[in-house]
Each structure stands twice: as structure tokens, then as C-alpha cells.
Amino acid sequence: MSGLNRWVALVNVGAETELRYTTSGQAVLNMRLAANEKYKTKEGETKEIVTWINGVVWGSRAEALSKMIAKGDRLYVEGALRVSTYDDKEGVKRTKVEVELREIEFVGGKRDAS
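Cut-offs applied
- Residues numbered from 1 in each chain as written.
- Predicted model: local features only at pLDDT ≥ 70, side-chain atom pairs only at ≥ 80, totals over all residues.
- Heavy atoms only, no water.
- Helix = DSSP H or I, 4+ residues; strand = E, 2+ residues; numbered from the N terminus.
- Contact = heavy atoms within 4.5 Å.
- Areas by Shrake-Rupley, 256 points an atom, 1.4 Å probe, with all protein chains shown as cover.
- Lys, Arg positive; Asp, Glu negative; His and termini not counted.
- Charge placed at Lys NZ, Arg CZ, Asp CG, Glu CD.
- Buried < 20%, exposed > 50% of the residue type's maximum accessible area, 1.4 Å probe, protein only.
- Salt bridge = Lys/Arg side-chain N within 4 Å of Asp/Glu carboxyl O.

A. Spotlight on the overall build of the protein chain. When helices and strands are tallied, the protein chain shows 2 helices and 6 strands. With the principal axes as the frame, the protein chain shows a C-alpha extent of 55 × 40 × 40 Å. When contacts within the protein chain are restricted to residue pairs at least 6 apart in sequence, those whose partners lie at least 24 apart make up 59%. Accessible surface computed for the protein chain: about 7,800 Å², of which carbon and sulfur atoms make up 49%. Averaging the coordinates of the 19 positive side-chain charges in the protein chain and doing the same for the 17 negative ones gives two points 1 Å apart.

Below, the structure written as C-alpha cells:
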């Protein structure tokens, strides 16, 4: 068996998407996603954990989705986790985790109200 790198979640888009282009001209769409989990404590109190993650889509799909996805949308997403390191403006080494999105479906949210 080769490897498996799959991240699946129902998410809310937490900010407006950002479409930009690489120096080679390839489109890349960045979006801020929130995955919420609810659970009950031993005492019966409901708690919620919100996990924020950056999602990225490449190419012509990125350009098309930039016109469709907006803050507040609820999405079903599937993708692969990507981890990279870089040096920030001050020269400090940083680690970035994002999901390279392969499947995106609208499942509710802001668009349902209209």
C-alpha cells in the first residue's frame, strides 16, 4: 500500500477568499476555514472546539471558485495536508500547515438564506 493523506471536514469559510498568482502565472486561491467540533463533558456541559486551517486550490479551478466561495459559506471539503517551512521577514523559521483542497461541495450557510 502506498501512502494515504486525506483530510475531510465540514467547514465554514471564515474570511473572504484571496486569489493571487505565482510568479509563473499559476492561479492560487487561499481561504481560511473553520472546522467545529462539539462534545459533552462528564458534567453534561456542551463544549466546542474550533480548528482553523488554511485551504488552497490551484489553477483554473482556483479562478472559478474565487467567484463562487465567500465568507460564511458552509462547505464539505476533502484534501491533503501539506506542511512547509519558510523564513519570515525577521529571518525566523516558520512552519505552515494547509490543506490542498481536491473536493469542495456547498452544503449550506450564507447562500441558504438568500
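B. Region of interest: the environment of Val97. Summarising the element assignment, Val97 is placed in strand S6 (residues 93-109). For Val97, a relative accessible area of 40% gives the class partly exposed. In sequence terms Val97 and Lys38 are 59 residues apart; their C-alpha atoms lie 23 Å from each other. The contacts of Val97, once residues within four sequence positions are left out, are Ile53, Asn54, Leu81, Arg82 and Val83.

C. Structural detail: the environment of Arg20. Note that Arg20 resides in strand S2 (residues 18-21). Here Arg20 falls in the partly exposed class, since its relative accessible area comes to 35%. Distance from Arg20 to Arg74, taken between C-alpha atoms, is 22 Å for residues 54 residues apart in sequence. Setting aside its immediate chain neighbours within four residues, Arg20 contacts Gln26, Ala27, Val28 and Asn30.

D. Structural detail: the pattern of salt bridges. For the structure shown, the criterion picks out 6 salt bridges. Of the charged contacts in the structure, one is a salt bridge between Asp88 and Arg94, with a shortest N-O distance of 3.0 Å. Note on Asp88: relative accessible area 17%, which makes it buried. By relative accessible area, Arg94 is classed as partly exposed at 40%.

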